[in-house]
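Breakdown of the fold
Each chain, letter by letter, is given below.
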Amino acid sequence: MTLSCFDLGEQMLSVDEARQALATLIERPLGREHIPLAQAHGRRLAAAVQAPINVPQNTNAAMDGIALALPREGVGAKQTHWPLAGEVLAGQYRSELVPAGYCVRITTGAPLPPGTDTVVMSEQLREPLDEQPEHVTIDSPELLKHGQNVRQAGEDIALGATALPAGTRLDAASLGLLASLGYAEVAVYQRPKVAIFSTGNEVTAPGEPLPQAGIYDANRFTLMGLLSEYGAEVIDLGILPDDLATTRTALGQAAKQNDLVITSGGVSVGQADFTRDALEQLGRLAFWRVALRPGRPMACGWLGDTRTPFVGLPGNPVAVMVTFLQFVTALLDRLHESPILPPRRLSAITDDTLKSRLKRTDFIRGIYHTDAKGQLHVRSTGAQGSGILTSMVAANCLIELADDQAGAQPGEVVSIQPLTGWL
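The following refers to the structure shown. No experiment lies behind these values; they were computed from the predicted model shown. (Residues numbered from 1 in each chain as written. Predicted model: local features only at pLDDT ≥ 70, side-chain atom pairs only at ≥ 80, totals over all residues. Heavy atoms only, no water.)

What follows concerns the overall build of the protein chain. Across its full length, the protein chain carries seven helices and 26 strands. Compactness check: the protein chain gives a C-alpha radius of gyration of 30 Å against a globular reference of 22 Å for 423 residues, more than 25% above the reference. Principal-axis analysis of the C-alpha atoms places the extent of the protein chain at approximately 95 × 50 × 50 Å. Sequence separation of at least 24 residues holds for 71% of the intrachain contacts in the protein chain that already meet a minimum separation of 6. (Helix = DSSP H or I, 4+ residues; strand = E, 2+ residues; numbered from the N terminus. Rg over C-alpha atoms; globule rule 2.2 N^0.38 Å. Contact = heavy atoms within 4.5 Å.)

And the structure:
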């Protein structure tokens, strides 16, 4: 059983323990709403969707040609010349039985009429030169098989089957599936409203003059991008100065209006770090010690009477991205009532010597590729300082060295978390 965040004190947690514990911060899932299918890309289904029809609705032709009946057993047909009994075009339905020994012309997608079960493609037919021939001849009839070139009713999805489970993130394929079932609107979770701040007197907004001791605010824009990719509604509340009263007021207001509050920087125990103090005054501090690199320090807890979940991320840009991908995504999943699942991982052979330390999980920015044999390899992007954002731009994965690994040597298999398609 996973302990609550508030039962863990200041003990050092593993990444997996922290991920599971964070989920206990969520007490109220998101509300639900019905929206048009055309507006649903990227949203999460709030309820499972059942198929109200068979897809395809009718057994139909997979090719242009003729439809006829063949015995189920054996291969081929003794009959070479087939008299025509009409035609069926896509969008038409013929209820009249096709007599035994006869065929009908048929186009791709047209329902097979009663008395037929097989389609012979046009390329296998020879026809008389008459403008309206009364029969067709099949080349190589011995090659025919019962049921060929036919799509069975319900072979994509059957009536009553679950088409998509609750929690599914609707991508292009999912939208197409829902449309094929006739759904014009769907029940989805509301977008999570997430307030974000950057903190620190040294942090300067892009476009402003940069003070001698200042840094431009990269973290807020990184978080905007990550949250937008996840489908959240981002509430940008700017930069908080190093002032306890200002920080407390801003966090208190954000807690009343949002589903989650995230800050970056200001959660260590330095003399100018006030976020942790403000959290303890407004609500309740949970764990804040996690054995990973990059990614410390970090804090979490509840804000205000609303017990709005709060996560205070580190100040270094790469650490912000790593902790978001390992922990904040778990909170967003719980808001959508989804289970906490481990990140998507692949195995790859390292081409580099990778350094790590026991009892700590290291995330190394990496580039994976396949060799001539199709084997997955990975190499480091180079310098791994937690402020080197260019290393994240170059990376397409995180190399995960777990807390029981003291590094890895070239040729060893390591675990990687792809950065593309992480949602």
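The next thing to look at is the sheet that holds strand E16 (residues 233-240). Strand pairing in a sheet relies on backbone hydrogen bonds. The paired strands run either parallel or antiparallel. Strands sit in the order E16-E13-E17-E21-E20-E18 across an open sheet of six strands; the sheet is mixed. Sheet topology places E16 and strand E18 (284-285) at the edges, where each strand pairs with a single neighbour. As judged from the four bridges shared by strand E17 (residues 260-264) and strand E21 (residues 308-313), these two strands associate in the parallel manner. In the sheet register, Thr-263 faces E21, and the bridge partner there is Gly-312. Helix H5 (residues 275-282) rests against strand E13 (193-199), E17, E18, strand E20 (299-303) and E21 of the sheet, and its axis sits at about 30° to E20. (Pairing = 2+ DSSP bridges. Axes fitted to C-alpha atoms, helices over the stretch in contact; angles between N-to-C directions.)

Let us look at helix H6 (residues 317-335). Between its terminal C-alpha atoms H6 stretches 25 Å, which fits the 27 Å expected from 19 residues at 1.5 Å a residue. At Phe-324, H6 is deflected by roughly 45°, the largest bend along its length. Across the 19 residues that make up H6, a large majority, 18, are buried. At the C-terminal side of H6, Glu-337 shows a positive phi close to 60°. (Expected span 1.5 Å × (residues − 1). Bend = angle between axes of the 7 residues up to and from the residue. Buried < 20%, exposed > 50% of the residue type's maximum accessible area, 1.4 Å probe, protein only.)

For the bond from Arg-293 to Pro-294, the omega torsion is -10°, close enough to zero to count as cis. Not every positive phi belongs to a glycine, and Asn-149 is a case in point at roughly 55°. Relative to the assigned elements, Asn-149 resides in the loop between strand E9 (135-138) and strand E10 (150-151). Overall, the relative accessible area of 23% leaves Asn-149 in the partly exposed class.

Our focus in this paragraph is the packing of aromatic side chains. Taken as a whole and assessed by the stated rule, the structure comprises zero aromatic pairs. Positioned over the ring face of Tyr-230 is Arg-169, at 5.9 Å from the centre of the ring. Between Arg-307 and the ring centre of Trp-302, over which it is positioned, the NZ or CZ distance is 4.1 Å. (Phe/Tyr/Trp six-rings, centres within 6.5 Å; stacked < 30°, edge-to-face > 60°. Lys NZ or Arg CZ within 6 Å of the ring centre and 35° of its normal.)

To continue, consider H5. For H5, the set of buried residues is Thr-275, Arg-276, Ala-278 and Leu-279. Down the axis of H5, the buried set is contained in an arc of 160°. They therefore lie on one face. Next to the buried residues of H5 lie E13, helix H4 (244-257), E17, E18, E20 and E21. (Arc of directions from axis to C-beta.)

Moving on: the pairing of strand E23 (residues 361-370). Within E23, seven of the ten residues are buried, leaving the element largely enclosed by the surrounding structure. Sheet topology note: the strand E19 (residues 292-293)/E23 ladder contains two bridges and is parallel. Among the inter-strand pairings, Arg-293 is bridged to a residue of E23, identified as Asp-362. With five bridges connecting them, E23 and strand E25 (residues 397-401) associate as antiparallel partners. What sits directly across from Asp-362, in E25, is Leu-401. As defined by bridge partners, E23 adjoins strand E24 (residues 376-380) across five bridges and the pair is classed as antiparallel. Bridged to Gly-366 within E24 is Ser-380. Once E23 ends, the chain turns through five residues before running back antiparallel as E24, passing Gly-374 with a positive phi of about 85°.

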